[in-house]
Amino acid sequence: MKSFKCDWLILPLLGALIVILGWHVLAGKKVVTKDAEGNVASEERKGAIPALPNVVETWESSKPYIVEPFAKRGELDQGILRFTWLSLVLVAKGYLIALVIGTPLGFMIGLSKFFTKMTDPIIQVLRPVSPLAWLPLGMVLFLDAGRNASELAALFTIAVCSMWPTVLNTAVGVRAIPQDYLNVAKVLKLSRFKTLTKVMIPATLPYMFTGFRLSLGIAWLVIVAAEMLTGRPGVGGFLWQQYNALIYEQIILCILTIGIVGFILDRLMSVVERRFKTA
Amino acid sequence: MSDYVELSNLTKTYPTPKGPAVIVKDFNLRIKKGEFVTLIGHSGCGKSTVLSMLAGLNEITDGGIILAGKELAGPGPDRGIVFQSPCLLPWMTAFENVMLGVEQVFFTASKEERRQIVEYYLTVVGLGDAMHKKPAELSQGMRQRVGIARAFALKPKMLLLDEPFGMLDSLTRYELQQVLIELWRKNKITALMVTHDVDEALFLSDRVICMTDGPEAEVGDILEVNFPRPRERKAVMEHPDYYKFREHLIEFLEIHAHKKHAKPAAPTAVPPGPPPSPVSPSKLSTLDSDQIGKPLKSETAPV
């Protein structure tokens, strides 16, 4: 297809418009029948999917959360950005734990064939396990932590689920260090520490950052599950609460928020990643 | 003068499913202090293997190497190496790349002294203005200049050059050969170079060692190159012996190329030594492409 002026803006908007229209058409609508005196006789929802709120309803219902994004009315009744912030803080903590454990682990796996053979089956088995499965285990592990139990369980789940891309990419990066660079270190008789800091880590950084980006994506995915099951305030916890409270409009608000935040995080990380690629 | 470097019965074999493959066999070479020796031979003949064993980057299967009275064990900064590709660390500037080695060798020197060493060598190779640039911002030739500066800045006992100008265009190559020969003359470092460029070998070396083709490569022929030093390209090219030497080397490579390609047939009996015949067109094909087009026949060529 031929490209035209501003197509980078118009085409995505067009796509979004089509999806929103489709949603609105399929969604239910409140139909109010009135009797002769003008009193409400009956209220019912009609449409292809009656329970699904339509665009207008979603907007009307979500407005207080968007217009006052930082308001705090109650533990599970806060502005959407306030919820997002709470979720981001939790993700940041779990993600940091994942990096602190995952990067050295990946380095060791990349350096030693012995270690690779030892850990590979474990990693392959643990990697596909869903966060929903890890969380109960986390709860059990931190049973004695009392008030902090749910937070620790959530952190554990985020760290365990998001660690693997960092581990695997770092390992690949270490194995891909050009022999030339290692020869330079050998010829100059650099100490182990200097070889690591001056040669191996800089050479692995681009791979490490690819791992970091993928890990962040997973960490953000896990947050919803973690908050749902622990009932912590945050985007995911809010989503689950509103579902239980039968306020379906705000489920959509949460989904959109999670999606947009995830997208922004990925963009930010790929900017950082690209900076290291060229270095 | 006594021998400074001694390679005795140097042998390299690689294990293969069909038994060990012998790359280099019983290679013997003695180099005097301050001498510039070049190994020349076809690609894959094992000359680079000899050099990397000397560098300590390739394990010695049999035989041994003595440098300045000590048997070599493993790599070390007492041998400055200029690789074919400059092998600079891309996340460091030219200055930092040279400094990395200087810090290792001159660990007792003050920070200021080390900085001066690095700056001196980078300036000498002509990078005074570009020393704080990263390799990606430098041209291929400039990167190789950094490589040369790095090797010399370590004040090594020996210089190892592995086809140092192989990846450069001929103009840059000439420039860098001049840079190298100047630095070498000032520092008087014993040097061993590997190349397949006949002119480069003649211009730089005191002695050219022709290696027979691998497998089981060994010393085939030794040519003493006694052009006066300091050398200048024009004077060297006009030296009465230049084309005699050149012919001799090309002849050697030529014979071995034929041997390689037509193995069962006996090589045509060409006597070693300077051949009287002019270069035939077929010989051009065995030379590097950059040598084609240079005056092979000239008035100064010996009969």
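Conventions we followed
- Residues numbered from 1 in each chain as written.
- Chains lettered and ligands numbered in written order.
- Predicted model: local features only at pLDDT ≥ 70, side-chain atom pairs only at ≥ 80, totals over all residues.
- Heavy atoms only, no water.
- Helix = DSSP H or I, 4+ residues; strand = E, 2+ residues; numbered from the N terminus.
- Rg over C-alpha atoms; globule rule 2.2 N^0.38 Å.
- Buried < 20%, exposed > 50% of the residue type's maximum accessible area, 1.4 Å probe, protein only.
- Contact = heavy atoms within 4.5 Å.
- Areas by Shrake-Rupley, 256 points an atom, 1.4 Å probe, with all protein chains shown as cover.
- Lys, Arg positive; Asp, Glu negative; His and termini not counted.
- Charge placed at Lys NZ, Arg CZ, Asp CG, Glu CD.
- Axes fitted to C-alpha atoms, helices over the stretch in contact; angles between N-to-C directions.
- Parallel < 35°, antiparallel > 145°, perpendicular 65-115°, else oblique.
- Left-handed = near helix turned anticlockwise from the far one by under 90°.
- Nonpolar A, V, L, I, M, F, W, Y, C, P; charged D, E, K, R; others polar.
- Domains from an automatic or database assignment.
- Buried area = accessible area lost by both parts, 1.4 Å probe.
- Salt bridge = Lys/Arg side-chain N within 4 Å of Asp/Glu carboxyl O.
- Phe/Tyr/Trp six-rings, centres within 6.5 Å; stacked < 30°, edge-to-face > 60°.
- Patch = residues over 30% accessible without salt bridge, like charges linked within 9 Å, V, L, I, M, F, W, Y side chains within 5 Å.
- Pairing = 2+ DSSP bridges.

It is worth spelling out the overall build of chain A at this point. A count of helical and extended segments in chain A gives 10 helices and 4 strands. Relative to a compact globule of 279 residues, whose C-alpha radius of gyration would be 19 Å, chain A shows 25 Å and is clearly more extended. Projecting the C-alpha coordinates of chain A onto the three principal axes gives extents of approximately 95 × 60 × 35 Å. Relative to its full complement of 279 residues, chain A shows a buried share of 40%. Of all intrachain contacts in chain A linking residues separated by at least 6 positions in sequence, the fraction that spans at least 24 positions is 64%. As presented, chain A carries roughly 16,000 Å² of accessible surface, and 70% of it is formed by carbon and sulfur atoms. When the 28 basic and 18 acidic side-chain charges of chain A are each reduced to a single mean position, those positions are 17 Å apart.

Residues and elements named next belong to chain B. Running from N to C, helix α2 (residues 94-105) and helix α3 (residues 111-124) cross one another at 125°; their axes reach a closest spacing of 9 Å. Here α2 lies oblique to α3, going by the angle between them. When the axes of α2 and α3 are compared, the crossing they make is right-handed. Residues A94, F95, V98, M99, V102 and E103 of α2 form the contact with α3, whose own contacting residues are R114, R115, I117, V118, E119 and L122. Residue composition of the contact of α2 with α3, grouped by class: 8 nonpolar, no polar and 4 charged.

Attention now moves to the domain arrangement of chain A. Domains assigned within chain A are domain 1 (1-50) and domain 2 (72-278). The distance between the C-alpha centroids of domain 1 of chain A and domain 2 of chain A comes to 37 Å.

Further remarks concern the interface of chain B and chain A. Listed per partner, the contact involves 20 residues of chain B and 16 residues of chain A. For the pairing of chain B and chain A, the buried interface totals around 1,700 Å² over both sides, and the portion due to carbon and sulfur atoms is 70%. Among the residues of chain B in contact with chain A, W91(B), L100(B) and Q104(B) are the three that bury the most area, contributing 33% of the side total. Between chain B and chain A we count 1 salt bridge in total. The residue K194(A) makes a salt bridge to E103(B) at a minimum N-O spacing of 3.1 Å.

Going through the model one piece at a time under the given rule, you end up with 13 aromatic pairs over all chains. With a centroid separation of 5.4 Å and 90° between ring planes, the pair formed by Y181(A) and W91(B) is classed as edge-to-face. Residue Y181(A) is found in helix α7 (residues 179-187), and its partner W91(B) is found in the loop between β6 (79-82) and α2; the two belong to separate chains. A residue is classified by how much of its surface remains accessible, and Y181(A), at 17% relative accessible area, is buried. By relative accessible area, which is 17% here, W91(B) ends up buried.

The next thing to look at is a nonpolar patch on the surface. Residues F4(A), W8(A), L9(A), I10(A), L11(A), L13(A), L14(A) and I18(A) make up a contiguous nonpolar surface patch of roughly 810 Å² in combined accessible area. Positionally, W8(A) belongs in helix α1 (residues 7-26).

A few words now on unusual backbone geometry. All names here are of chain A. Within the chain, K189 stands out as a residue other than glycine whose phi angle is a positive 55°. By the secondary structure assignment, K189 is in the loop between α7 and α8 (192-230). The class of K189 is exposed, set by a relative accessible area of 51%.

In a beta sheet, neighbouring strands pair by backbone hydrogen bonds and run either parallel or antiparallel. Residues and elements named next belong to chain B. The mixed open sheet is built from 6 strands, whose spatial order is β6-β7-β8-β3-β9-β10. The outermost strands of the open sheet, each flanked by one partner alone, are β6 and β10 (219-224). Pairs of neighbouring strands in the sheet enclose a mean axial angle of 15°, with direction left out of account. Bridging between strand β7 (residues 158-162) and strand β8 (residues 190-195) involves 5 bridges; their strand directions are parallel. Within the sheet, the bridge partner assigned to D162 lies in β8 and is V194. Strands β3 (36-40), β6, β7, β8 and β9 (207-211) of the sheet are contacted by helix α1 (residues 47-55), whose axis makes an angle of about 145° with β7.

Here we come to the sheet that holds strand β2 (residues 21-32) of chain B. All names here are of chain B. Ordered in space as β2-β1-β4-β5, the 4 strands form an open sheet in which the pairing is antiparallel. Each of the sheet's edge strands pairs with one partner strand only, and the pair in question is β2 and β5 (70-71). Here strand β4 (residues 62-67) runs beside β5; their pairing, made up of 2 bridges, is antiparallel. The residue of β5 that forms the bridge with L67 is K70. Along the sheet face, α1 touches β1 (3-14), β2 and β4 and points at about 115° away from the line of β1.

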